[in-house]
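These are the residues of each chain, in order.
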Amino acid sequence: MQNWTGIAGKRVIITGATAGIGLAAAEELARRGARLGIVARSEARGAAAVAQIKAAAGPAAEIDVLHADLSSQASIRQLAGEILGRYPGLDVLINNAGAVNGSRRLTSDGLELTRAVNHIAPFLLTTLLLERIRGSAPARIITTSSVAHRGAHIPFDDISAAGGYGGRGFARYGQTKLANILFTTELARRLEGSGVTANCFHPGFVASGFNRNNGGFMALVMILAQPLARTPERGAETLVWLADSTEVSAESGGYFTNRRRVRPAGPALDLESARRLWDLSEEQVGMGSPPMVSGSLG
Ligand SMILES: NC(=O)c1ccc[n+]([C@@H]2O[C@H](COP(=O)([O-])OP(=O)(O)OC[C@H]3O[C@@H](n4cnc5c(N)ncnc54)[C@H](OP(=O)(O)O)[C@@H]3O)[C@@H](O)[C@H]2O)c1
């Protein structure tokens with residue numbers, strides 16, 4: 001028997017809700033009556049997601065589309081400003097958007113793209129919203145990580161991956177998913193006693209839009225692998241559970257899969273790395289000390 005918090009009427013912000021796991025989670029949360037703010041980088045995809053969520057949850061579902069390109073810090077700051085202006089309370093923040101990129105690219109901020117979207121965006125959006133989330137306690141922050149963190153390390157000596165970007169981008173992707181866990185660890189530590197929890201999870205291998213942006217060969221590989229994959233709905237189960245279950249009301253700093261807290265790989269348990277990554281991330285978004293230096297910090 002499931003014990004749910006009763007998420008009806010609660011304000012939930014979710015990134016990456018225009019496709020895959022995020023869209024499936026948004027459908028289920030809307031069915032439960034959550035008041036959604038979905039982040040979309042394209043107007044058309046935002047509108048299509050609203051139509052799909054309403055088809056699943058009913059026309060009365062409350063869904064706002066918030067536009068942002070999460071590869072751009074200016075866009076994330078604008079998004080945070082819009083959220084703070086619109087919503088007096090934030091009950092759940094879900095950092096779910098993410099991607100793997102087959103070749104190295106830099107963002108308009110000069111950061112390496114995979115790291116910017118998968119790690120810096122959750123870091124910046126969360127820190128910009130943190131006081132409002134604290135003021136809304138009990139509240140939850142959830143980040144979509146991956147089992148792909150296994151075998152990865154944070155390349156503190158070459159954070160922009162200037163020295164190598166092999167493995168069709170998967171090595172880099174694994175580093176960012178490790179960063180999601182270390183970010184969650186340090187965030188949970190900073191939130192101790194606040195009534196706000198921070199957790200992350202692996203959704204399983206999910207048939208979604210993931211890795212369809214890296215050319216025909218990779219798209220074909222993903223199609224061929226589909227029989228091994230879960231549906232987005234199944235992939236979203238642990239996410240919805242982390243957002244709404246009373247079983248995890250007191251859990252924080254955890255890495256979950258299949259609705260169970262599990263031990264991540266060794267580098268994800270390194271508290272010193274978690275602190276170092278936080279400091280570096282602050283520098284990369286211009287919040288920390290020392291101030292951001294010129295040149296590529298990617
Ligand atoms: N699929 C898997 O097997 C798997 C396994 C482990 C973890 N994950 C993680 O699950 C999360 C969701 O992935 P998915 O499998 O559902 O993939 P997906 O179907 O490709 O969905 C990715 C979502 O992220 C959004 N997004 C990507 N870049 C963005 C940007 N620059 N600005 C704003 N939004 C952006 C996409 O928006 P658009 O609609 O505009 O493209 C889309 O809504 C990711 O964090 C991924 O790392 C996936």
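Residues numbered from 1 in each chain as written. Predicted model: local features only at pLDDT ≥ 70, side-chain atom pairs only at ≥ 80, totals over all residues. Heavy atoms only, no water.

Bringing the site of the ligand into the picture now. The environment of the ligand is made up of 29 residues, and the closest members are Thr18, Arg45, Tyr173, Val206 and Ser208. Measuring from an oxygen atom of the ligand, one finds a backbone N or O atom of Asn96 at 2.8 Å. Take Val206: an N or O atom from its main chain is 2.8 Å from an oxygen atom of the ligand. The fraction of the free accessible surface of the ligand (890 Å²) that becomes covered by protein chains is 92%. Looking at the shell around the ligand, the elements with two or more residues in it are helix 1 (20-31) and helix 5 (170-190). For the shell around the ligand, the residue count by class is twelve nonpolar, 13 polar and four charged. (Near = heavy atom within 4 Å. Polar contact = N/O pair within 3.5 Å; in protein donor to acceptor, adjacent residues only side chain to side chain. Areas by Shrake-Rupley, 256 points an atom, 1.4 Å probe, with all protein chains shown as cover. Helix = DSSP H or I, 4+ residues; strand = E, 2+ residues; numbered from the N terminus. Nonpolar A, V, L, I, M, F, W, Y, C, P; charged D, E, K, R; others polar.)

Read from one edge to the other, the open sheet built from eight strands follows the order 3-2-1-4-5-6-7-8, with strand pairing classed as mixed. Sheet topology places strand 3 (63-67) and strand 8 (260-262) at the edges, where each strand pairs with a single neighbour. Pairs of neighbouring strands in the sheet enclose a mean axial angle of 25°, with direction left out of account. Strand direction decides the pairing type here: strand 5 (residues 139-144) and strand 6 (residues 196-202), joined by six bridges, are parallel. (Pairing = 2+ DSSP bridges. Axes fitted to C-alpha atoms, helices over the stretch in contact; angles between N-to-C directions.)

Right, let's get into the environment of Ile13. Topologically, Ile13 is positioned in strand 1 (residues 11-15). What makes Ile13 buried here is its relative accessible area of 1%. Note: C-alpha distance between Ile13 and Ala80 (67 residues apart in sequence) is 11 Å. Contacts of Ile13, omitting those with residues within four sequence positions, involve Gly37, Val39, Leu66, Ile83, Tyr87, Leu90, Val92, Leu93 and Ile94. (Buried < 20%, exposed > 50% of the residue type's maximum accessible area, 1.4 Å probe, protein only. Contact = heavy atoms within 4.5 Å.)

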